[in-house]
Amino acid sequence: MSDTVEKKPSIGSLLMGSLKGYSMFFVLVLIMIAFAYLTGGTNFSSRNFTNILIQYSYVLILAVGMVMVIIVLGIDLSVGSVCAFVGSISAMTYNTGIGMAPTLLIALAIGVLVGAFYGFWIAYMNVPAFIATLAGMLLFRGLSYIVTSLNPIQLRDNGYKQMASGFFPNIWIDEAQSFDILPLIVGTIVALLFVVFDVITRINRKKNKFAVSPVWAFVLKLIIISALILALSQRFATYRGLPIVVAVLAITIFIFQFMMNNTILGRYIYAVGGNARSAKLSGINSELVVFLVFCLMGLLTGLAAVIHTGYMNSALPAAGMGFEMDAIASCYIGGVSAAGGIGTVGGVVIGAFIMCAINNGMSLMNLGAAWQQVVRAIILLLAVFYDVYTRRKAGLG
């Protein structure tokens, strides 16, 4: 008979364990409340929420791609330069009168080719990602200067910018045209889909003997996130309606979240990032996985280039300065490990929202650009320190 008595975990430890995974979400809430106090509540206005998503949509798109790159122990320092180059080429293409859809496809194709260029050197020639993308940063910045002759490229009409700053047709439900019901309909559908997919994921995890959170914590998470989706929809409903770029963001996030959690490629990415040698011994083509990751990063960079060019309504040779900083910081704030193998698209989206909230809050306070750089640098340093500290505490390095 064993003398060992199994201790049941206390309610406090269960609560702390369940909330630990959502620490960055609570940080986002605290940051929003702090800036609400400093800006007199301006950051919670419907107009500001819409502006945040339109103005900083490129950060979320680039962060979704960067999470895969960092998980496989890579980095991409060139996304800003590539955005400037692809944006310039796409603006010149659009001005020929070819139309927006072909222009978008060409921009995405150029992005994939750029990603394949990096993937070849990094995966097959064993050039460190830092060096390859640093060279790319110089290369594509120079090419953007050459193709634009250092002059902005104005767009021929407003068709290009619709994807970045346009809105879906409104369905007003009052004569004053102050409430558009379309965002609420879309928000309700998105919340329901989120609940259904999360329940299915939980069932599959239990079926495969993976650990899952307590039922009460799972239900609480569904309620909070669904309420936030509906609250955001209400903000859109009271200011001009649903921005088109929000739909682009939602579809992009859904596709890559699904890919990382439910496909073979997603599992291979985590396996290669966790231990590339073991993954290769298990039969995984590690080089091909890294190559595909950089191709996907290039694809999303092309999309971000089109959206940013549309938002600016012109292609600027110096566009994209500091984009890599925002994307990389969003990843580390969102829980991606600097040691590779750990990170989620959902976490990175929260990290990107934190960066957007901080940038927006500092702009509303009219804080100088120099001080904004200082604040963002400190946030990046603290985020990486938090990752190193938690890994050391967990005995992982």
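Residues numbered from 1 in each chain as written. Predicted model: local features only at pLDDT ≥ 70, side-chain atom pairs only at ≥ 80, totals over all residues. Heavy atoms only, no water.

Draft legend 1. Focus on the packing of helix 15 (residues 323–333) against helix 16 (residues 345–364). Their axes nearest at 7 Å, the elements helix 15 and helix 16 cross at an angle of 125°. Judged by the inter-axis angle, helix 15 sits oblique to helix 16. In the crossing of helix 15 with helix 16, the sense of the turn from one axis to the other is right-handed. Taken together, the residues of helix 16 that come into contact with helix 15 (itself represented by Asp326, Ala329, Ser330, Cys331 and Ile333) are Val348, Gly351, Ala352, Ile354, Met355 and Asn359. (Axes fitted to C-alpha atoms, helices over the stretch in contact; angles between N-to-C directions. Helix = DSSP H or I, 4+ residues; strand = E, 2+ residues; numbered from the N terminus. Parallel < 35°, antiparallel > 145°, perpendicular 65-115°, else oblique. Left-handed = near helix turned anticlockwise from the far one by under 90°. Contact = heavy atoms within 4.5 Å.)

Draft legend 2. Seen up close, helix 15. Along helix 15, 10 of the 11 residues are buried, which leaves the element largely enclosed by surrounding structure. Phe323, Glu324, Asp326, Ala327, Ile328, Ala329, Ser330, Cys331, Tyr332 and Ile333 are the residues of helix 15 that are buried. Note on helix 15: the residue one or two positions beyond its end, Gly335, has a positive phi of about 100°. (Buried < 20%, exposed > 50% of the residue type's maximum accessible area, 1.4 Å probe, protein only.)

Draft legend 3. Spatial organisation of helix 6 (residues 100–124). Relative to the 36 Å expected for 25 residues at 1.5 Å per residue, helix 6 spans 35 Å between its end C-alpha atoms, a close match to the ideal helical length. Phi turns positive, to about 60°, at Asn126, one or two residues after helix 6. (Expected span 1.5 Å × (residues − 1).)

Draft legend 4. Inspection of the environment of Leu380 at higher detail. For Leu380, the position within the fold is in helix 17 (residues 369–393). Between the C-alpha atoms of Leu380 and Ser330, which are 50 residues apart in sequence, the distance is 8.4 Å. Here Leu380 is in contact with Met325, Ala329 and Tyr332, once residues within four sequence places are set aside.

Draft legend 5. The arrangement of the packing of aromatic side chains in detail. Tallying each qualifying case throughout the model produces 10 aromatic pairs. Both rings, one in Tyr124 and one in Phe291, keep their centres 6.0 Å apart while their planes meet at 55°; by these two values the pair is tilted. Taken together, the positions of Tyr124 in helix 6 and Phe291 in helix 14 (residues 286–312) put the pair 167 residues apart, joining distant regions of the chain. With 6.3 Å between their ring centres and 25° between their planes, Phe254 and Phe258 make a pair best called stacked. Taken together, the residues Phe254 and Phe258, both in helix 11 (residues 244–262) and 4 residues apart, mark about one turn of the helix. With relative accessibility at 43%, the residue Phe254 sits in the partly exposed group. Stacked on the ring of Phe218, the Lys or Arg Arg202 has its end atom at 4.7 Å from the ring centre. (Phe/Tyr/Trp six-rings, centres within 6.5 Å; stacked < 30°, edge-to-face > 60°. Lys NZ or Arg CZ within 6 Å of the ring centre and 35° of its normal.)

Draft legend 6. Quick look at the pattern of salt bridges. For the coordinates displayed, the defined rule picks out 3 salt bridges. With a closest N to O distance of 2.6 Å, Lys221 and Asp198 form a salt bridge. Of this pair, Lys221 sits in helix 10 (residues 215–237) while Asp198 sits in helix 9 (residues 182–207), and the two are 23 residues apart along the sequence. Taking the relative accessible area as the measure of exposure, Asp198 reaches 16% and is therefore buried. One salt bridge connects Lys280 with Glu287, and the closest N-O pair in it is separated by 3.0 Å. Overall, Lys280 belongs to the partly exposed group, its relative accessible area being 44%. For Glu287, a relative accessible area of 24% gives the class partly exposed. (Salt bridge = Lys/Arg side-chain N within 4 Å of Asp/Glu carboxyl O.)

Draft legend 7. Highlighting the packing of helix 11 against helix 16. As a packed pair, helix 11 and helix 16 sit with axes 9 Å apart at the nearest point and diverge in direction by 140°. Considered as vectors, helix 11 and helix 16 are oriented oblique to each other. Listed contacts from helix 16 to Ile253, Phe256, Gln257 and Met260 of helix 11 are Val345, Gly346 and Val349. Taken together, the residues of the contact of helix 11 with helix 16 sort by class into 5 nonpolar, 2 polar and no charged. (Nonpolar A, V, L, I, M, F, W, Y, C, P; charged D, E, K, R; others polar.)

Draft legend 8. The arrangement of the confidence of the model for the chain in detail. Mean pLDDT over the chain stands at 87; residues scoring 70 or higher make up 93%. Least confident of the elements in the chain is helix 1 (residues 11–20), whose mean pLDDT is 57; most confident is helix 6, at 96. Of the regions scoring below 50 in pLDDT, residues 1–6 engages in 0 contacts with residues more than four places distant in sequence or in other chains. (pLDDT = per-residue confidence, 0-100.)

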